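The primary structure of each chain is shown beneath.
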Amino acid sequence: MPIGFLISTLVPAGFTALALWPRPTKGPRATPAFVLETTFNELPFVIVYWLAASTLLAVAQGRIDSPIGWAGVAVALLTAIGVALVVRRATRARPALDGALGSGLGIRWRDELDQPLGRELRPNIARWPALIAPVRLPARGVHRMRNIAYGPDGTYQRLDLYRPRSDEQRSPALIYFHPGGFFSGRKSREARPLFDRLVRLGWVCAGANYRLGRGGAFPGNLADAKRAVAWLREHAADYGADPGTIFVAGGSAGAHLAVMCALTPNDPTFQPGFEWADTSVAAAVGLYGYYGPAPTNEPMPSAPADYARPGAPPVLVIHGSRDPMVPPGNAREFVGRLRRVSRSPVVYAELPGAQHNFDRFPSIRFAAVIDAVEAFTAWVRSTR
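Figured I'd write up the structure that's included with this text. Residue positions within a chain follow its written sequence, with the count starting from 1. In view of the model being predicted, local features appear only for residues whose pLDDT reaches at least 70, and side-chain atom pairs are presented and counted only at 80 or more, with totals across whole chains, interfaces and linings using the full set of residues. No hydrogens and no water enter the side-chain calculation; it runs on all heavy atoms of the structure.

### Observations regarding the overall build of the chain
And step 1. Only DSSP runs of H or I covering at least 4 residues are called helices, and only runs of E covering at least 2 are called strands; the numbering of each starts at the N terminus. Assigned secondary structure in the chain consists of 13 helices and 8 strands.
And step 2. Our radius of gyration is a C-alpha quantity, and the globule rule it is checked against amounts to 2.2 Å times the number of residues to the power 0.38. In summary, the chain has a C-alpha radius of gyration of 22 Å against a globular reference of 21 Å for 384 residues, a match within 12%.
And step 3. Across the 384 residues in the chain, those meeting the buried criterion constitute 57%.
And step 4. For the chain, the share of sequence-separated contacts (at least 6 apart) that also reach a separation of at least 24 residues comes to 79%.
And step 5. What sets the accessible areas is the Shrake-Rupley method with a 1.4 Å probe; for residues, cover comes only from the shown protein chains. Carbon and sulfur atoms make up 57% of the accessible area of the chain, which amounts to about 16300 Å² in all.
And step 6. On the chain, the mean spot of the 43 positive side-chain charges and the mean spot of the 29 negative ones are 5 Å from each other. For each residue, the accessible area found with a 1.4 Å probe, counting protein chains only, is set against the maximum for its type, and the residue is called buried under 20%, exposed over 50%, and partly exposed in between. In this description, contact between two residues means that some pair of their heavy atoms is separated by no more than 4.5 Å. Residues counted as positive are Lys and Arg, residues counted as negative are Asp and Glu, and His and the chain ends are not counted. Where a charge lies is defined by one atom per residue type, namely NZ (Lys), CZ (Arg), CG (Asp) and CD (Glu).

Structure (C-alpha cells):
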C-alpha cells in the first residue's frame, strides 16, 4: 500500500528534523529524542540511504502512482534537502576550528611547530564507510589493553590503554574521561576515532573510568582522574609513554574532570593517599563540556573556573552551537573567566550545528575536531 511508503519517508523526516532543531533537555539524562538527534546529526548519510532504499522499493512495486505515493516522494525530497543542511553544517566545523586556533594561538602558530610535528599535520578526511555506518571500522596498528587497574577500587578505577603495536618509546600520552553527567558512561565508547588517529602517530592513549553517582561525587571523581594521571606517569616506561608529556581530554562531565586536572596540579586536597604524586599535565581538551558546579557532598567550590590560575596549562574547548544538553553559554562563560586569569592560551571553538556527543562516530565533524586536537597538541609540544 502507498501508505507504507509514506510512513517510511516520514520516519527519517522526523530524524532529520531532530538533527536540525534539537530540543533542549532537562538535566544531564539522555532522552530517546536526544539519542536520535545527536546520532543523526553526525550520521546524516544513513538517512540518505534509508530514503533511497524506500523510494526505489516503492517504484519497483508501483506504489508511487497515487496521491499518497506522490506525497511520500515530496516528503523524501524535503528530507533530502534537510539532510543537505545537516551535512553543510558539519563541513563548517573545519573553518571554525582553523579560525579558533589562529585566534587563540596566534595567526602564525604553524610557524612555531617543530618541523617533524608540522609535517605530520594533514587533513583527516573521514572516508565513506565511516560516514554511512554507525560503527567504527577496525584500526590497523592499534593494540588495545583492557581493564588495567589504576587504583584500588575494582569497580571504577580501570582504564583501557591503546598503544602502537611497534615498540615506540617516550611517546606523548592522552587520557580521556568519558561523558555521562557524573552518574553514567563508560571508558570504551566515545573518542575511539581520536585514539586511532593519535596511536597511528605513535601516541599512547587511555580511556579511563571513574567513580559515578553519589559514591563518586566531587571531589571523589576528580581524585580518580588525577590518580589515572599519576598511574600513567609512574608506569609510562612500561608502555612507551613519555611521563613528561601527558595530555587530558574529556567529553561533557569528562571535560569537567580533564580541565579540573589541568587547573589543580599536585594539589594534595584532591590527591588523598597519593599526595606525593606529580599530577601536572601538558594541556587539557574539553569536548561539549559542562563547566559549572559538579554534584558534591563537600562544602567546597566545584566549578573549574573557581580554580583558574595564572600558571594553568593551555586549554582547548570545543562546543556545539546547538548543544541541547549543555548550552554553549556555559562554555563561553568558563572560557572568558579562564582567559582573564591564565597566562597560557585558551582556545575556544564553537561548531556550527554541532550538538552533544559529537565524538562518538567517525563523522565529518569529528574528523575536523581530531585534526584540531592534533594541531593544538603539536603546538603545545613545540612551545613548552
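So that's the structure; there's more coming.
### Structural notes on the sheet that holds strand β7 (residues 315-320)
And step 1. Note on pairing: DSSP must find at least two bridges between two strands before they are called paired. Spatially, 8 strands are ordered β1-β2-β4-β3-β5-β6-β7-β8 in an open sheet, and the strand pairing comes out mixed. Whereas interior strands pair on both sides, the edge strands pair on one side only; in this sheet they are β1 (142-149) and β8 (346-351). Neighbouring strand axes in the sheet, compared pairwise and without regard to direction, differ in orientation by 20 degrees on average.
And step 2. Pairing between strand β2 (residues 158-164) and strand β4 (residues 204-208): 4 bridges, direction antiparallel. When the sheet's bridge partners are listed, Y162 is paired in β4 with C205.
And step 3. The sheet strands contacting helix α5 (residues 93-105) are β7 and β8, and the helix crosses β8 at an angle near 160 degrees.
And step 4. Helix-sheet contacts for helix α12 (residues 328-339) involve β7 and β8, and the interaxial angle to β8 is about 165 degrees. To get an axis, fit a line to the C-alpha atoms, keeping to the stretch in contact for a helix; angles then go from 0 to 180 degrees between the N-to-C directions.

### Describing the nonpolar core
And step 1. Counting residues in each nonpolar core, the largest one holds 50 residues, and the members touching the most others are L159, L161, I175, F177, V248, V317 and F334.
And step 2. When residues no more than four places from it in sequence are discounted, the contact partners of L161 are H143, R144, M145, I148, V204, C205, A206, L232 and Y239.
And step 3. In plain words, nonpolar cores are sets of buried Ala, Val, Leu, Ile, Met, Phe, Trp, Tyr and Cys residues tied together by side-chain atoms within 4.5 Å. Core analysis: the next-biggest nonpolar cluster, separate from the first, contains 45 residues, L101, Y162, C205 and L287 among them.

### Considering the environment of A100
And step 1. Mapping A100 onto the fold places it in helix α5.
And step 2. Sequence separation of A100 and A349 is 249 residues, and the distance between their C-alpha atoms is 5.2 Å.

### Remarks on α5
And step 1. Expected span of a helix, by definition, is 1.5 Å for each gap between consecutive residues, and there is one gap fewer than residues. Its 13 residues place the ends of α5 18 Å apart at the C-alpha level, agreeing with the 18 Å of an ideal helix rising 1.5 Å per residue.
And step 2. Next to the buried residues of α5 lie α4 (67-91), β7, β8 and α13 (364-383).

### Looking at the packing of aromatic side chains
Each aromatic ring pair is specified by the distance between its two centres and by the angle formed by the two planes.
And step 1. Working definition: a ring pair exists when centres of Phe, Tyr or Trp rings (six-membered ring for Trp) sit within 6.5 Å. Plane angles under 30 degrees give stacked, over 60 give edge-to-face, the rest tilted. Going through the model one piece at a time under the given rule, you end up with 11 aromatic pairs.
And step 2. Ring centres of Y176 and F195 lie 6.1 Å apart, and the angle between their planes is 80 degrees; this geometry places the pair in the edge-to-face category. A residue pair is termed long-range when its members are at least 10 positions apart, and Y176 in strand β3 (residues 171-177) and F195 in helix α8 (residues 192-200) qualify at 19 residues. Taken individually, Y176 and F195 each receive the classification buried, so the pair is uniform in this respect.
And step 3. Centre to centre, the rings of F182 and Y290 are 6.5 Å apart; their planes meet at 80 degrees, and the pair counts as edge-to-face. Of this pair, F182 sits in the loop between β3 and α8 while Y290 sits in the loop between β6 (283-287) and β7, and the two are 108 residues apart along the sequence.
And step 4. Taking the relative accessible area as the measure of exposure, Y290 reaches 24% and is therefore partly exposed.
And step 5. Residue placement shows R29 over the ring face of F183; its charged tip is 4.1 Å from the ring centre. Placement of a positive charge over a ring is assigned whenever Lys NZ or Arg CZ falls within 6 Å of the ring centre and within 35 degrees of the normal to the ring plane.

### Quick notes on the pairing of β4
And step 1. Burial analysis of β4 places 5 of its 5 residues in the buried class, the great majority of the element.
And step 2. Neither face of β4 is open: one carries V204, A206 and A208, the other C205 and G207, and all of them are buried.
And step 3. One ladder, built from 5 bridges, connects β3 with β4; its direction is parallel. Residue I175 lies in a different strand from β4, and its bridge partner there is A206.
And step 4. This β-α-β element, β3 to α8 to β4, shows right-handed connectivity. Handedness rule for crossovers: strands pointing away from the viewer, path from the first strand over the helix to the second running clockwise, crossover right-handed.

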